[in-house]
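This is what each chain is made of:
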Amino acid sequence: MPRENVVDLIRQSKPIDVTRPVRSDDVRGRTIVITGGASGFGASFARHWAAHGAYLILGDIQDQAGEALVAELRSIPGASPHQHYRHCDVASWESQDAFFRDAVSLSPHGGLDDVVANAGVSDNDFSFCRAEEKRGAGKSDATTGPDKPDLKCLDINLVGTAYTAHLAMYWLARNPGSTASALGRPRTPGGGGPPHRDRHLLLVGSVASLWPVAQATQYTASKHAVLGLFRALRGVAGWQAGVRVNLLCPYIVATGIVPPVARVALAGAAVGHVDAAVEAGTRLVADASIVGRALVVGPKVRVRDDGETYEVTELLAQGGFAADHENGRGGEMAGRGAVSLRRGRRMRTTTSWWR
Ligand SMILES: NC(=O)c1ccc[n+]([C@@H]2O[C@H](COP(=O)([O-])OP(=O)(O)OC[C@H]3O[C@@H](n4cnc5c(N)ncnc54)[C@H](O)[C@@H]3O)[C@@H](O)[C@H]2O)c1
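These lines cover the structure that appears in this document, whether it is placed above or below.

Cut-offs and rules
- Every chain is numbered independently, its residues counted from 1 as its sequence is written.
- pLDDT decides what is reported in this predicted model: residues at 70 or higher carry local features, side-chain atom pairs at 80 or more are listed and counted, and totals for whole chains, interfaces and linings draw on all residues regardless.
- Numbering of helices and strands runs from the N terminus; a helix is a DSSP stretch of H or I covering at least four residues, while a strand is a stretch of E covering at least two.
- Here a residue counts as buried when 20 or more other C-beta atoms fall within 10 Å of its C-beta, as exposed when 12 or fewer do, and as partly exposed in between; the C-beta atoms come from the backbone.
- Note on contacts: residues are paired as contacts if their backbone-placed C-beta atoms lie within 7 Å.
- As used in this record, a residue near a molecule or strand is one whose C-beta atom, placed from the backbone, is within 6 Å of it.
- Three categories are distinguished: nonpolar for Ala, Val, Leu, Ile, Met, Phe, Trp, Tyr, Cys and Pro, charged for Asp, Glu, Lys and Arg, and polar for the others, with Gly belonging to the last.
- A helix is expected to span 1.5 Å multiplied by its residue count minus one.
- This arc is taken over the directions from the axis of the helix to the C-beta atoms.
- Whether two strands pair depends on DSSP finding at least two bridges between them.
- Definition of nonpolar core: a set of buried Ala, Val, Leu, Ile, Met, Phe, Trp, Tyr and Cys residues joined via C-beta atoms within 7 Å.

Let's shift gears to the overall build of the protein. The helix and strand inventory of the protein stands at 11 helices and nine strands. Burial analysis of the protein (355 residues in total) assigns 43% to the buried set. Restricting the contact set of the protein to residue pairs at least 6 apart, pairs at least 24 apart contribute 74%.

Structural data, given as structure tokens:
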């Protein structure tokens, strides 16, 4: 089947032009659910979107931090009082199911416009190669075998995200004021009239969706799986349920998820900025015409060695990245037409990744 027919069938939108300004005000009036919303990216998304008039419902296991954040959001000048936190353990189906029901009942219009599957953790056991160290001296020998591994990272990042996606598909398709036929249309009609409601699932992957992170075995596996979830889901969510599915893949940013040992290892290297992730996430949420697309948010790195230094602001993964990845070229961060560059500050280091 010609590729164009598949694109038409799944109603994927055109490549994103990241040089166009992000319209943060277009989040106004949206009800947005964020899992893992009490800290890090989730909290930064919440602050930005609440400041631009969105209604946030945050789910997390850090109840104190979540409640404190909601109090902060309500005090932002111009923000709506419709800001809520509810306990939600994404690894538990019962907990997430209850959280989504709560979220729907808390929404001012009784539905959800956006679900951001953001909750995640890093590996608590960096590789599968050191089982004997976990057992303690003298406990490991050829007959006992290793202890059962703790797969919490997969439970949260993979199973938890799959639960979120499953619940999102159900509730987004039931968002009052939304229609499947509006998929891919800008929310505010050109000829005036009220904006239609959206149905949007934003998955949060990582650069670890594209490249392996040495020692972070479960994390890499889970984030590759989120990429797979995105690629499969975007193939059906549009035409079957009128839900647009997009993916955000941030580069390493110093949030709570980055363990101290990794911060030390990264000292002096280029790291990402949470603001860039918020900007990219806002673009995907605010622009209802973006369907089935992914943005990789890169660090500021030197990408040319001919005396010119550029700042990589956002590396576009335009659906094409998956094909590139399959061809073994997914590690090439620069040098593609899809990469958006602008002249910037000279950086200290060049970051290179395994292919
Ligand atoms: N910071 C980075 O370098 C980076 C890079 C790429 C992708 N990401 C992804 O971004 C997302 C957010 O991470 P972050 O960097 O903001 O880290 P973070 O640790 O600051 O935030 C993660 C949040 O998820 C919550 N959480 C953990 N387990 C949970 C559970 N079982 N149920 C509900 N919530 C739970 C935590 O309490 C925390 O508030 C994650 O999916 C992460 O993999 C982060």
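Tracing the chain through its elements places valine 6 in helix H1 (residues 3-10). Residue classification places valine 6 among the exposed residues on the basis of 11 C-beta atoms within 10 Å.

With that out of the way, let us pick up the site of the ligand. Surrounding the ligand, one finds 29 residues, the nearest of these being Gly36, Gly40, Gly120, Thr255 and Ile257. Sort the elements by how many residues they give to the shell around the ligand and helix H2 (residues 40-51) lands first, with three residues. Residues belonging to the shell around the ligand are distributed by class as follows: 15 nonpolar, 12 polar and two charged.

What follows concerns helix H4 (residues 93-106). Over its 14 residues, H4 extends 20 Å from the first C-alpha to the last, a length consistent with the 20 Å expected when each residue adds 1.5 Å. Every buried residue of H4 is accounted for by Gln96, Phe99, Phe100 and Ala103. When H4 is viewed along its axis, its buried side chains cluster within an angular range of 100° and face the same direction. Facing away from the buried side of H4, by more than 90 degrees, are the exposed residues Glu94 and Ser105. Packing partners of the buried residues in H4 comprise strand E1 (31-35), strand E2 (55-60), strand E3 (83-87) and helix H6 (152-172).

Another point: the environment of serine 206. When you line up the elements, serine 206 lands in the loop between strand E5 (200-204) and helix H7 (217-233). Looking at serine 206, the number of C-beta atoms within 10 Å reads 26, which means it is buried. Residues serine 206 and lysine 223, spaced 17 residues apart in sequence, show a C-alpha to C-alpha distance of 6.3 Å. Residues within four places of serine 206 in sequence aside, it is in contact with Lys223, Cys249 and Pro250.

This part is about the pairing of strand E6 (residues 244-250). Extensive coverage of E6 is indicated by the burial of seven of its seven residues. Of the two faces of E6, the one carrying Arg244, Asn246, Leu248 and Pro250 and the one carrying Val245, Leu247 and Cys249 are both buried. Taken together, the four bridges between E6 and strand E7 (residues 294-297) define a ladder with parallel strand orientation. Paired with leucine 248 across the two strands is leucine 295, which belongs to E7.

So, on to the nonpolar core. The nonpolar side chains of soluble globular proteins are, as a tendency, buried together. Core analysis: the biggest nonpolar cluster contains 81 residues, and Ala46, Leu56, Leu201 and Leu203 have the highest contact counts within it. At 11 residues, H6 tops the list of elements feeding residues into this core. Excluding residues within four positions of it along the chain, alanine 46 makes contact with Ile34, Gly37, Leu56, Leu58, Leu69 and Leu73.

To continue, consider the pairing of E5. By the criterion of burial, E5 is predominantly enclosed, with five of the five residues buried. In E5, alternate side chains face the same way, and those of His200, Leu202 and Val204 on one face and Leu201 and Leu203 on the other are all buried. In this sheet, E5 lies alongside strand E4 (residues 114-117) in parallel orientation, the contact comprising four bridges. Bridge pairing in E5 links alanine 117 to leucine 203. Bridge count between E5 and E6: five bridges; the pairing is parallel. Looking at E6, one finds that valine 204 is bridged to leucine 248.

Although it is not a glycine, arginine 11 sits at a positive phi angle of roughly 60°. Checked against the element boundaries, arginine 11 lands in the loop between H1 and E1. The backbone of glutamine 215 sits at a positive phi, close to 80°, despite the residue not being glycine.

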